[in-house]
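Summary of structural features
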Amino acid sequence: MNTKERDTKYVLPTYARTDVEFVKGKNATLWDSKGKRYIDFTSGIAVVSVGHGNERLANALCEQAKNIIHISNLYYIEPQARAAQKVVETSGYDMKCFFANSGAEANEGAIKIARKYGEVDGEIKRYKIITLKHSFHGRTITTVKATGQEKMHNYFGPFPDGFVYAEDIDEIESLIDERTVGVMIELVQGEGGVEPLQKQKVQQLAKTLKSKDVLLMVDEVQTGVYRTGEFLASNLYEIEPDVVTLAKGIGGGVPVGIVMTSKKEIFSAGDHGSTFGGNYLSSRAVCEVMDILNEAKSSGRLDETIAYFDGVLERFYKEHDSLFTKKVGIGMMAGLRCKDADTLNAILENAKEAGVMVLKAGRNTLRLLPPLTISTKEIDEGFEALRSAVSGL
Ligand SMILES: *Cc1c(COP(=O)(O)O)cnc(C)c1O
């Protein structure tokens with residue numbers, strides 16, 4: 001049995017998989033089982049922030065794995081405390097962290113923080129959380145309900161109550177009532193089409209929410225960890241959220257979710273927990289990823305890479321204005337809006353042949369999420385492959 005046959009026989013078919021099996025990776029370059037080479041403009045959906053086969057991360061994980069991988073949260077965990085310090089200090093916010101294992105779980109934690117806040121703060125119990133219609137917040141029963149897209153609610157009910165969907169950011173304020181405790185948003189909607197919210201509107205919303213004592217919860221699972229050029233997109237938007245969630249890029253591929261909040265007294269022992277969350281191995285990954293990316297930022301290398309990537313993307317976009325209607329996104333969370341869904345599907349199909357990995361977002365957005373450590377040579381090569389993927393369309 002080959003991998004495809006084995007997968008088909010033993011793995012539940014929840015993914016529409018592309019028929020490629022990768023066997024080797026180095027930074028933003030991957031090789032499949034047939035020896036074909038690809039430039040990776042996906043970084044495993046914004047996860048492999050420091051590239052494939054990163055020596056520093058590999059060495060740190062190796063060293064940690066040979067000593068202690070896991071004890072439990074019943075004891076103090078040195079790399080967890082250190083990871084929390086790095087994340088909090090880099091964010092610039094006066095917050096504390098809780099460690100989980102995925103984006104959905106981080107958002108579950110955020111929702112629990114809001115629900116507890118609504119229980120203990122004020123005269124009446126507040127529990128409603130407003131999210132956006134084109135949002136994506138995860139796949140657990142609660143986060144799937146927090147996700148505004150109707151098509152996600154086809155099965156699996158009954159869902160937890162208390163989620164209210166706004167058509168767009170302008171509609172949020174009118175939906176706030178005496179039971180509303182929080183608003184959860186992505187600043188650049190990832191799955192929804194790489195659509196950044198307007199900075200001024202977000203700043204206005206932040207002010208309104210503060211005046212009404214409604215928590216501003218920013219889902220930075222995709223936008224966080226320098227994806228937009230700043231550590232957090234909320235840093236770029238110059239707002240001070242009450243709750244921030246992280247996952248994807250924070251472990252460089254090791255599963256980690258983090259929820260951090262300025263409501264530092266919200267939980268007492270027993271209110272929330274995780275067996276795996278923040279264990280020695282995953283926290284060590286966070287420490288190393290933070291060090292690598294903080295160095296890339298402070299040396300100017302990250303900003304140079306982003307500027308270079310953006311320049312090449314802009315040129316590519318201008319050369320193909322018959323295929324694309326808009327360049328969207330911020331930093332290394334970039335997209336090109338295709339003129340229609342068929343064009344996008346054709347590009348996705350051709351890209352694989354041409355040796356470049358790209359993603360889809362929403363109905364018709366080509367999404368690019370390269371590793372933050374991608375080299376200029378890899379960027380050039382990836383766009384060369386994209387050029388050949390769109391030639392003839
Ligand atoms: C990917 C994503 C999630 C879900 O993360 P998982 O690790 O798959 O649970 C939640 N929110 C946003 C914005 C995401 O992009």
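Here's a quick rundown of the structure.

Calculation notes
- Residues numbered from 1 in each chain as written.
- Predicted model: local features only at pLDDT ≥ 70, side-chain atom pairs only at ≥ 80, totals over all residues.
- Heavy atoms only, no water.
- Helix = DSSP H or I, 4+ residues; strand = E, 2+ residues; numbered from the N terminus.
- Buried < 20%, exposed > 50% of the residue type's maximum accessible area, 1.4 Å probe, protein only.
- Polar contact = N/O pair within 3.5 Å; in protein donor to acceptor, adjacent residues only side chain to side chain.
- Contact = heavy atoms within 4.5 Å.
- Near = heavy atom within 4 Å.
- Areas by Shrake-Rupley, 256 points an atom, 1.4 Å probe, with all protein chains shown as cover.
- Nonpolar A, V, L, I, M, F, W, Y, C, P; charged D, E, K, R; others polar.
- Core = buried A, V, L, I, M, F, W, Y, C linked by side-chain atoms within 4.5 Å.
- Domains from an automatic or database assignment.
- Pairing = 2+ DSSP bridges.
- Axes fitted to C-alpha atoms, helices over the stretch in contact; angles between N-to-C directions.

1. A short note on the side chain of Gln-222
- Position of Gln-222 relative to the elements: it lies in the loop between strand 10 (215–219) and helix 9 (233–236).
- The class of Gln-222 is buried, set by a relative accessible area of 7%.
- A distance of 2.7 Å separates polar atoms of two side chains, one belonging to Gln-222 and the other to Arg-367.
- Among all residues touching Gln-222, those that are not within four sequence positions of it are Ala-46, Gly-190, Glu-191, Arg-227, Lys-248, Met-333, Arg-367 and Leu-369.

2. What to know about the site of the ligand
- The ligand sits among Ser-102, Gly-103, Ala-104, Asn-107, Phe-136, His-137, Gly-138, Glu-186, Asp-219, Val-221, Gln-222 and Lys-248.
- Between Ala-104 and the ligand, the recorded distance is 2.8 Å, taken from a backbone N or O atom to an oxygen atom.
- A distance of 2.8 Å separates a nitrogen atom of the ligand from a polar side-chain atom of Asp-219.
- Protein contacts shield 82% of the accessible area of the ligand, which totals 390 Å² for the unbound molecule.
- Per-element accounting of the shell around the ligand gives the leading share, three residues, to helix 5 (residues 103–120).
- Considered class by class, the residues forming the shell around the ligand number three nonpolar, six polar and three charged.

3. Concerning the nonpolar core
- With 60 residues, the main nonpolar core has Phe-41 and Phe-383 as its most contacted residues.
- A total of eight residues in this core trace back to one element, the largest contributor, which is helix 10 (residues 280–298).
- Structurally, this core is a two-domain feature, drawing no fewer than three residues from each of domain 1 (3–53 + 300–390) and domain 2 (68–298).

4. Describing the sheet that holds strand 10
- The seven strands are arranged 4-12-11-10-7-5-6 in an open sheet whose pairing can be described as mixed. Single-partner strands in this sheet number two, and they are strand 4 (96–100) and strand 6 (163–166). Taken over all neighbouring pairs, the strand axes of this sheet differ in orientation by 20° on average, direction set aside.
- Against the sheet, helix 5 makes contact with strand 4, strand 5 (128–132), strand 6, strand 7 (180–185), strand 10, strand 11 (243–246) and strand 12 (257–261), and its axis sits at roughly 25° relative to strand 12, the strand it touches most.

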